[in-house]
Amino acid sequence: MKHVLALLAAVGLLLGLASVGATQQQVTITYWQYFFESKVRLIDQLIPQFQAQNPGIRVVHENFPYDTYNQKVASAVPAGQGPDVINLFYGWVPLYVDSGYLQPLPTDAFPVQELEREFVPMLRNSRFDGKYWALPTAVRSLAMFYNDDLLARAGVARAPVTWDEFLVAAEKTTVRDAAGRIQVEGFGIAPGGQDHHLIREVLFRQWGAAPYSPDGRRVTYATPQGAEALRWYTDLITRHKVGAIDFFPGANGYRNAFMAGRAAMIFDGSFAIGAIRGGTRAKWGVAPLPRRSAGGEASNFGSYWVHGLTVRATGPKRDAAIRFLKFLVSPEVQRVWLERVGELPASRSLVSDARLANDAVFGPFIQGLAYSRATFFVDETAQRQVLMDAVNEVVVNNKSPMQALQEAAAKEQKILDDFWTKRAKKQ
Amino acid sequence: MATRTQAAPTTWPHLGLGARRALWAYAFLLVPLAFFLAIRLAPAASSLYISLHEWNIISPEKPFVGLRNFQTLLADPRFARAALNTVRYVAVGIPAQIVLGLLLAMALRRVTRLRGLFRALYFMPFVTPVVAAAWVWQWMYSEQFGPLNSILVALGLPTLQFLRSPGQALYAITAMIVWQYLGFQIVIFLAGLEAIPRVYYEAAEVDGASGWQLFRHVTIPLLNPTLVFSIVYSTIIYLQLFTQVLNMTFQDQGGPLASTLTLVLYVYQLGFQRFRMGEAAAATAVLFAVILAITLLQMKILSKPVEY
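Definitions and limits used
Residues numbered from 1 in each chain as written. Chains lettered and ligands numbered in written order. Predicted model: local features only at pLDDT ≥ 70, side-chain atom pairs only at ≥ 80, totals over all residues. Heavy atoms only, no water. Helix = DSSP H or I, 4+ residues; strand = E, 2+ residues; numbered from the N terminus. Buried < 20%, exposed > 50% of the residue type's maximum accessible area, 1.4 Å probe, protein only. Contact = heavy atoms within 4.5 Å. Areas by Shrake-Rupley, 256 points an atom, 1.4 Å probe, with all protein chains shown as cover. Lys, Arg positive; Asp, Glu negative; His and termini not counted. Charge placed at Lys NZ, Arg CZ, Asp CG, Glu CD. Domains from an automatic or database assignment. Buried area = accessible area lost by both parts, 1.4 Å probe. Salt bridge = Lys/Arg side-chain N within 4 Å of Asp/Glu carboxyl O. Phe/Tyr/Trp six-rings, centres within 6.5 Å; stacked < 30°, edge-to-face > 60°. Lys NZ or Arg CZ within 6 Å of the ring centre and 35° of its normal. 1 Å grid on protein atoms, 1.4 Å probe; cavity = no way out; pocket = protein on both sides within 12 Å on 5 of 7 lines; lining within 4 Å. Points joined across faces, edges and corners; volume = space filled by probe spheres on them. Core = buried A, V, L, I, M, F, W, Y, C linked by side-chain atoms within 4.5 Å. Axes fitted to C-alpha atoms, helices over the stretch in contact; angles between N-to-C directions. Parallel < 35°, antiparallel > 145°, perpendicular 65-115°, else oblique. Left-handed = near helix turned anticlockwise from the far one by under 90°. Nonpolar A, V, L, I, M, F, W, Y, C, P; charged D, E, K, R; others polar. Patch = residues over 30% accessible without salt bridge, like charges linked within 9 Å, V, L, I, M, F, W, Y side chains within 5 Å. Pairing = 2+ DSSP bridges.

Chemist: Mind showing me how you'd approach the overall build of chain A here?
Modeler: The helix and strand inventory of chain A stands at 18 helices and twelve strands. For the C-alpha atoms alone, the extent of chain A along its principal axes is close to 95 × 55 × 35 Å. For chain A, buried positions account for 57% of its 427 residues. Intrachain contacts of chain A at a sequence separation of at least 6 include 74% that bridge at least 24 residues. By element, 53% of the accessible surface of chain A is carried by carbon and sulfur atoms, the whole surface being about 18000 Å². One finds the centroid of the 47 positive side-chain charges in chain A at a distance of 2 Å from the centroid of its 40 negative side-chain charges.

As structure tokens, this is what we get:
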């Protein structure tokens, strides 16, 4: 008996060794993302799944705090370390391409036509130098969050569909004290929150001013239509007084005010669903962004995080990295991502899934994806500042919207020119 | 002792006892010196190096661009605004802090009952976490909910915009900073006042000096070292303002319309939000030069020795 067991063990060992020899050599690739708990946990669960499907590939997952993410890349990659597949905010892609960290997605593995067919349209906004450099698993869009209780109490029967209805609802729900100080905002206005995206990609467009030239290199919103759009927005503060900037302090003050029942309506991204679900006591709902008329032009702002291949991924590592990237953006992973992280899927087929589109909370965001645009930012911080300042020039400095917009356009044009001149010199 | 003096020549033939002691002292000082070189001077030198190069924080290449970063700064209205604002913080905050600090310190010296309590109360803001204090002050200044505006309303006066007004925001923030450092300032002045020998006051009183004369000709001159220290120290603090401004204007940092922007906040935005490390380092170099110049100037002008 003993001998038989030993023999079996020996045979098993031999077979085991043979099978190891038969598979291709083990390749280890590294994946980097910033620390966001649900994403980190999900990737940790997905990696064994990927490795089971792709024997011979081992994926090492590392993550870093958001604030030091870019610095970490900067110090690791020149030292010969760092990731083969990296997660980035789409707005950073030009920076990473410019610094020579990303390689373009190989067109044989990711044919351009296929990408543009499979992914939501806003992916096109991340084409850079005529190429795609990275792909999203999930995307975000904007929608209107409304406090059902406040609307009902003010006699507003349903969430507004047009901007006129929105203004009426905001006026009805605004509560002021005897001195005229706002106690409940009809509209939780926040130029520095998501509203600067709203002005840029929604109001300008719906009022008839394309914010940028098709190639994204020229600022084109300083038109009479653009000024009208800005006037409509700033009037909410100065004339109708349905909201106040910094009503609640802080980066997410508008959202906090909404959760505290102090703002009847706000515009926010799908990434806010979790916080609002957890922190709002009143009954709330989500509706698509209003339009100028019921059948008028719909528009939305989208943004996303992407996974790209770094220049470190070469030879067999590159093949492994391409496989991992394909896995990360596959519909299966997108579906789990929606469930676990709460971000909207990036593929058209999932977006058109009726169950998802009819979801009371996700639905309006999903609808928005069909007409979302991701602004091609070259310096998001500075470009955001430009529009925040334009609003303030009108609201606190009493400048005309047209003048404020002309100054803003000049400043933003300089930011774009600066980027493209530097880029041209490098090529 | 005898054995040591005998042993010494074999190891350090030319060193006497004093020199060897000094050597030991330097040996011990080497540790903090190494720390200082690695943690302070090396980064400062590398920052100077970066200020002459173009670097987007992640690029492996840092092409040399000479003084172009400095030219870009000079052409940026936000830089000029940040510099002007910083001067305003200094010009308003420091006199307020010094005058209030001195007045309160002299008043506190006269307080005999509950002395410890009063001193603790005034010192409390200084040990309160800055970020928390900044957020509370932000609420106090709120146009809609703030108690300051509630007082104005109760008095039948129009409300003030405070942090939302480009004209008032800087002073509103300065008030918070003065409040924060006042306790520290008072403690410094109390120590300085205690150090003035009573005999000078007694002698002056015998000569018939009035209260004001005592203050003007005894207290102020003899408090001069404390004043110099306070002014130099707080100038450096005010030139480096960051946390209070960032936290009190969190959504529009340094706003509205750059009216509260400081040099350090400007550097932070350039370097870590816009990834323009070269220009950020250049702005840091300018700030360094300004701090150095102002400090040297103040020491020279203010620290005149007093002779009696």
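Chemist: How do you make sense of the domain arrangement of chain A when you look at a structure like this?
Modeler: Think of interface size as the accessible area that goes away when the parts come together; that is how it is often given. Residues and elements named next belong to chain A. According to the domain assignment, chain A contains domain 1 (24–140 + 303–373) and domain 2 (142–301 + 378–426). Computed from C-alpha coordinates alone, the two centres of domain 1 and domain 2 are separated by 29 Å. Facing 22 residues of domain 1, the contacting portion of domain 2 comprises 25 residues. When the two sides are added together, the surface that domain 1 and domain 2 hide from each other amounts to roughly 2000 Å², 58% of it contributed by carbon and sulfur. Considering only the surface of domain 1 that becomes buried against domain 2, Phe-365, Tyr-371 and Arg-373 emerge as the three largest contributors, covering 35% of it. Between Asp-98 and Arg-423 there is a salt bridge, with its nearest N and O atoms 2.6 Å apart.

Chemist: Even after reading the chapter, I still don't get the packing of aromatic side chains, so can you show me in this structure?
Modeler: Two measures describe an aromatic ring pair: the distance that separates the ring centres and the angle between the ring planes. This structure, assessed with the given rule, holds 56 aromatic pairs over all chains. Aromatic side chains B:Phe184 and B:Tyr233 sit 5.4 Å apart centroid to centroid with 40 degrees between the ring planes, which places their arrangement in the tilted category. Here B:Tyr233 lies in helix α11 (residues 224–239) and B:Phe184 lies in helix α8 (residues 169–194), a separation of 49 residues in the sequence. Using a relative accessible area of 34% as the deciding quantity, one classes B:Tyr233 as partly exposed. Through successive ring pairs, a cluster of aromatic residues spans A:Tyr34, A:Phe36, A:Tyr66, A:Tyr69, A:Phe89, A:Tyr90, A:Trp92, A:Tyr304, A:Trp305 and B:Phe275. For the cation-ring pair, A:Arg292 lies above A:Trp207, with the distance from its terminal atom to the ring centre recorded as 4.1 Å.

Chemist: Looking at this structure, how should I read the layout of surface pockets?
Modeler: Over the atoms, a rolled probe matching the size of one water molecule traces out where space is still vacant. Residues and elements named next belong to chain B. Empty space within the second largest pocket amounts to approximately 930 Å³. Taken together, 27 residues make up the lining of the second largest pocket; nearest its centre are Pro-43, Ala-44, Ser-47, Thr-284 and Phe-288. Contributing elements (two or more residues each) for the lining of the second largest pocket: α2 (17–51), α13 (263–273) and α14 (277–302). A total of eleven residues in the lining of the second largest pocket trace back to one element, the largest contributor, which is α2. A domain-level breakdown of the lining of the second largest pocket finds at least three residues from each of domain 1 (15–51) and domain 2 (71–302).

Chemist: Before we go on, may I ask you to explain the domain arrangement of chain B in this structure?
Modeler: All names here are of chain B. According to the domain assignment, chain B contains domain 1 (15–51) and domain 2 (71–302). Put simply, the middle of domain 1 and the middle of domain 2, counted by C-alpha atoms, are 33 Å apart. Contact residues are listed per partner, giving four residues for domain 1 and six residues for domain 2. Of the roughly 330 Å² buried where domain 1 meets domain 2, counting both sides, 75% is carbon and sulfur surface. Of all residues in domain 1, the largest losses of buried area upon contact with domain 2 belong to Ser-47, Ile-50 and Ser-51, amounting jointly to 84% of the total for that side.

Chemist: I tried to follow the nonpolar core on my own but got confused; where do I start?
Modeler: Inside soluble globular proteins, nonpolar side chains tend to come together where they are buried. Judged by nonpolar contacts, the single largest core of 155 residues is most densely connected at A:Tyr96, A:Tyr221 and A:Phe324. At nine residues, strand β5 (residues 134–147) of chain A tops the list of elements feeding residues into this core. Residue contacts for A:Tyr96: discarding those within four places in its chain leaves A:Asn70, A:Val73, A:Ile86, A:Leu88, A:Tyr101, A:Leu102 and B:Ile58. Formed by 57 residues, the second largest nonpolar core is a distinct cluster that contains B:Ala134, B:Phe162, B:Leu170 and B:Leu241.

Chemist: Would you take a moment to explain the interface of chain A and chain B for this structure?
Modeler: Taken together, the 41 residues of chain A in the interface contact 34 residues of chain B. Between chain A and chain B, a total of about 3300 Å² is buried, with carbon and sulfur atoms accounting for 55% of that surface. Contact with chain B buries area across many residues of chain A, yet A:Arg181, A:Pro249 and A:Val396 alone supply 18% of it, more than any other trio. Our enumeration of links across chain A and chain B arrives at three salt bridges. Note that A:Asp379 and B:Arg276 form a salt bridge whose closest N and O atoms lie 3.9 Å from each other. Contributions of two or more residues to the side of chain A that touches chain B are made by α3 (69–76), α4 (93–98), β7 (182–187), α8 (191–206), α17 (380–395) and α18 (401–426) of chain A.

Chemist: Can you walk me through the packing of α8(B) against α11(B) in this structure?
Modeler: To characterise two packed helices, one gives the angle between the axes of the helices and the distance between these axes. Residues and elements named next belong to chain B. Interhelical geometry of α8 versus α11 gives an angle of 160 degrees and a closest axis separation of 10 Å. As the angle between them shows, α8 and α11 are arranged roughly antiparallel. The crossing of α8 and α11 is right-handed. On the side of α8, the interface is formed by Ile-177, Val-178, Tyr-181, Phe-184, Gln-185, Ile-188, Phe-189 and Gly-192, while α11 contributes Thr-226, Leu-227, Phe-229, Ser-230, Tyr-233, Ser-234, Ile-237 and Tyr-238. The residue makeup of the contact of α8 with α11, split by class, is eleven nonpolar, five polar and no charged.

Chemist: Looking at this structure, how should I read the packing of helix α4 (residues 77–110) of chain B against helix α5 (residues 115–127) of chain B?
Modeler: Residues and elements named next belong to chain B. Contact geometry for α4 and α5: axes closest at 9 Å, N-to-C directions at 160 degrees. Here α4 lies roughly antiparallel to α5, going by the angle between them. The two elements α4 and α5 cross, and the hand of that crossing is right-handed. When α4 is examined against α5, the residues Leu-104, Leu-108 and Arg-109 are found in contact with a partner set consisting of Arg-115, Phe-118, Arg-119 and Tyr-122. Its residues assigned to classes, the contact of α4 with α5 shows four nonpolar, no polar and three charged.

Chemist: I keep staring at a nonpolar patch on the surface and nothing clicks. Help me out?
Modeler: Residues and elements named next belong to chain B. A grouping of Leu-114, Leu-117, Phe-118, Leu-121, Tyr-122, Met-124 and Val-127 is seen on the molecular surface, where their side chains present a nonpolar patch of about 660 Å² in accessible area. Relative to the elements of secondary structure, Phe-118 occurs in helix α5. According to the relative accessible area criterion, Phe-118 is partly exposed, its value standing at 33%.

Chemist: What should I look at first to understand the pairing of β5(A) in this one?
Modeler: Here is the key point about a regular strand: its side chains alternate between the two faces of the sheet. Residues and elements named next belong to chain A. Most of β5 sits out of view: 14 of its 14 residues are buried. Bridge analysis of β5 against strand β10 (residues 300–310) gives six bridges, and the strand direction is antiparallel. Its bridge partner lying in β10, Ala-134 is registered against Gly-308. The pairing of β5 with strand β11 (residues 344–345) spans two bridges and is classified as antiparallel. For Ala-138, the partnering residue across the bridge sits in β11 and is Pro-345.

Chemist: Can you help me understand unusual backbone geometry in this one?
Modeler: Trans is the common state for peptide bonds, and a negative phi is the common state for residues other than glycine. Residues and elements named next belong to chain B. In this structure, the amide linkage connecting Gly-255 to the following residue, Pro-256, adopts the cis form with an omega of 0 degrees. Its location among the elements puts Pro-256 in the loop between α12 (243–248) and α13. A positive phi angle, close to 75 degrees, is found at Ile-57, a residue other than glycine. With respect to the helices and strands, Ile-57 occurs in the loop between α2 and α3 (68–75). Accessibility expressed as a relative area gives 1% for Ile-57, which makes it buried.

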